[in-house]
Amino acid sequence: MRGQVALVSGGANGIGRAVVERFLAEGACVGVLDRQPDALHDLRAEWSDRLVVVGGDVRDAAAHEAVLDATSQSFGPVDTYVANAGIHDMWTRLEDIPTDQLPAAFHELFTVDVLGYLLGARRMASALRAARGSMIFTASSSSRYAGGGGALYVAAKHAVVGLVRQLAHELAPDVRVNAIAPGATATGLSGLSDSEVGRGRLDERPGLMDRVAETVPLGFVAEPADHAALYVLLASATEAPFVTGAVLPSDGGLDVRRS
Ligand code: NAD
């Protein structure tokens, strides 16, 4: 990726951070938008010449503007946009959401996981057209199957697939638009905070990952870095020049599970 300039939302922790680290190791310059910019303090010290970090919320259009400005002013035109920042609903079933809480829970989950991707894509589209670059969305096994979240998360991650397909259509032939669909991955993915339901973090649930690993054909839960090379592949105009509108699973083989 030497010579490439990438922008990653939600790049301070988890899967996004693994993508940032891998892009840097591959020679790219990287801009990050995250609401926890301090989590990248160590990486920023190590890679000060090729990493810029902007604190902000993906629900705020001005934050996308700010990170694009900061990244292109530091490194030149951006050619790769990774939309990745997201939250979960902690498997809250629809019947367990009090009706009066549902609008707030829906609003929070969909504004972060869907509107955040839309705002980012809207801002990056013209820059990526000029660079003939690519967008890569972090989808999920919940973009393809039930049970990896509650109704809100699964619906939102299915929406991401529609977004990828439509943007691949709208932005062709200038920009390739694809997604990675990770399965269970050991991160501190956050739940909701604006309503009384769906709160917490993935890594606060003792034994969860061991139980999930038993349902994965390959028998383990991924580490964030296990997905990173797929983002490098999709970001490459020479290694994946004919790939657009694709959702690549990285889920330990959920399509072939026996039960
Ligand atoms: P994570 O919490 O480790 O990382 C998410 C990052 O996004 C964090 O740095 C967080 O600060 C940032 N973020 C969250 N909301 C934000 C907002 N409103 N504005 C700005 N930044 C915000 O979680 P993760 O598991 O690495 O999740 C990354 C993506 O991967 C999400 O889209 C998630 O849905 C998806 N995913 C995760 C798993 C899993 O099992 N962990 C599986 C499939 C897909």
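Residues numbered from 1 in each chain as written. Predicted model: local features only at pLDDT ≥ 70, side-chain atom pairs only at ≥ 80, totals over all residues. Heavy atoms only, no water.

Asker: Help me understand the pattern of salt bridges in this model?
Answerer: Here the idea is simple: oppositely charged side chains can pair when their charged atoms come close. Tallied over the entire structure, the rule returns 10 salt bridges. Between Arg123 and Glu65 there is a salt bridge, with its nearest N and O atoms 2.8 Å apart. In this pair, Arg123 is assigned in helix H4 (residues 102-131) and Glu65 in helix H3 (residues 61-75), connecting sequence segments 58 residues apart. Residue classification places Arg123 among the partly exposed residues on the basis of a relative accessible area of 26%. Judged by relative accessible area, which is 34%, Glu65 ranks as partly exposed. Close ionic contact of Asp174 with Arg132 constitutes a salt bridge, the shortest N to O distance being 2.9 Å. Highlighted residues: Asp174 in the loop between helix H5 (151-171) and strand E6 (176-182) and Arg132 in the loop between H4 and strand E5 (134-138), separated in sequence by 42 residues. With relative accessibility at 19%, the residue Asp174 sits in the buried group. Residues participating in the shared-partner salt-bridge network are Arg17, Glu21 and Asp42. (Salt bridge = Lys/Arg side-chain N within 4 Å of Asp/Glu carboxyl O. Helix = DSSP H or I, 4+ residues; strand = E, 2+ residues; numbered from the N terminus. Buried < 20%, exposed > 50% of the residue type's maximum accessible area, 1.4 Å probe, protein only.)

Asker: Could you clarify how one ought to interpret the site of the ligand in this entry?
Answerer: Residues in close proximity to the ligand total 31 residues, the closest being Asn13, Ile15, Asp34, Tyr153 and Thr187. In the model, an oxygen atom of the ligand is placed 2.8 Å from a nitrogen or oxygen of the Ile15 main chain. Between an oxygen atom of the ligand and a main-chain N or O atom of Asn84, the distance comes to 2.8 Å. Surface burial for the ligand is 96%, taken as the share of its 820 Å² of free accessible area covered by protein chains. Residue assignment for the shell around the ligand shows that the elements contributing at least two residues are helix H1 (14-25), H4 and H5. Tallied by class, the residues present in the shell around the ligand amount to 13 nonpolar, 13 polar and five charged. (Near = heavy atom within 4 Å. Polar contact = N/O pair within 3.5 Å; in protein donor to acceptor, adjacent residues only side chain to side chain. Areas by Shrake-Rupley, 256 points an atom, 1.4 Å probe, with all protein chains shown as cover. Nonpolar A, V, L, I, M, F, W, Y, C, P; charged D, E, K, R; others polar.)

Asker: Would you mind going over H3 with me for this structure?
Answerer: Working note: α-helix, 3.6 residues per turn, so residues spaced by three or four point in the same direction. End to end, H3 covers 21 Å across 15 residues, agreeing with the expected 21 Å (1.5 Å per residue, within 8%). Every buried residue of H3 is listed here: Ala63, His64, Val67, Leu68, Thr71 and Phe75. The buried residues of H3 occupy one face: seen down the axis, they fall within an arc of 130°. Packing partners of the buried residues in H3 comprise strand E1 (5-9), strand E2 (29-34), strand E3 (51-55), strand E4 (80-83) and H4. Between the side-chain oxygen at the start of H3 and the backbone nitrogen of Ala62 there is a gap of 3.0 Å, and the oxygen is on Asp60. Phi for Gly76, located one or two positions after H3, is positive at around 100°. (Expected span 1.5 Å × (residues − 1). Arc of directions from axis to C-beta. Contact = heavy atoms within 4.5 Å.)

Asker: Sorry if this is basic, but what is going on with H1 here?
Answerer: If you check H1, its first and last C-alpha atoms are 17 Å apart, about what 12 residues at 1.5 Å a residue would give, namely 16 Å. When we look at burial in H1, the residues that qualify are Ile15, Gly16, Arg17, Ala18, Val19, Val20, Phe23 and Leu24. Phi turns positive one or two residues past the end of H1, at Gly27, with a value near 105°.

Asker: Looking at this structure, how should I read the confidence of the model for the protein?
Answerer: Of all residues in the protein, 99% have pLDDT values of 70 or greater, and the mean over the chain is 97. Taken together, the chains of this predicted complex give a pTM of 0.98 and an interface ipTM of 0.99. (pLDDT = per-residue confidence, 0-100.)

Asker: So what exactly am I meant to see when it comes to the nonpolar core here?
Answerer: Side chains of nonpolar character tend, in soluble globular proteins, to be buried together. Grouped together as the largest cluster of nonpolar side chains are 44 residues, with contacts concentrated most on Met135, Phe137, Leu167 and Val177. Phe23, Val30, Leu43 and Val53 belong to the second largest nonpolar core, which has 24 residues in total. (Core = buried A, V, L, I, M, F, W, Y, C linked by side-chain atoms within 4.5 Å.)

Asker: Quick question: what am I supposed to make of the environment of Val112 here?
Answerer: Position of Val112 among the secondary structure elements: in helix H4. Along the sequence, Val112 and Glu21 sit 91 residues apart, while their C-alpha atoms lie 23 Å from each other. Every residue in contact with Val112, bar those within four places of it in the chain, is listed here: Val58, Arg59, Ala85, Gly86, Ile87 and Tyr117.

Asker: Before we go on, may I ask you to explain the packing of aromatic side chains in this structure?
Answerer: Two measures describe an aromatic ring pair: the distance that separates the ring centres and the angle between the ring planes. Across all of its chains, the model carries two aromatic pairs by this definition. Aromatic pair Phe106 and Phe110: ring centres 4.4 Å apart, planes at 25°, arrangement stacked. Linking Phe106 with Phe110, this pair stays in helix H4, spanning four residues, or about one helical turn. Here Phe106 falls in the partly exposed class, since its relative accessible area comes to 41%. When the ring of Tyr117 is compared with that of Phe137, the centres are 5.5 Å apart and the planes differ by 55°; the resulting orientation is tilted. Residue Tyr117 is found in helix H4, and its partner Phe137 is found in strand E5; the two are separated by 20 residues along the sequence. (Phe/Tyr/Trp six-rings, centres within 6.5 Å; stacked < 30°, edge-to-face > 60°.)

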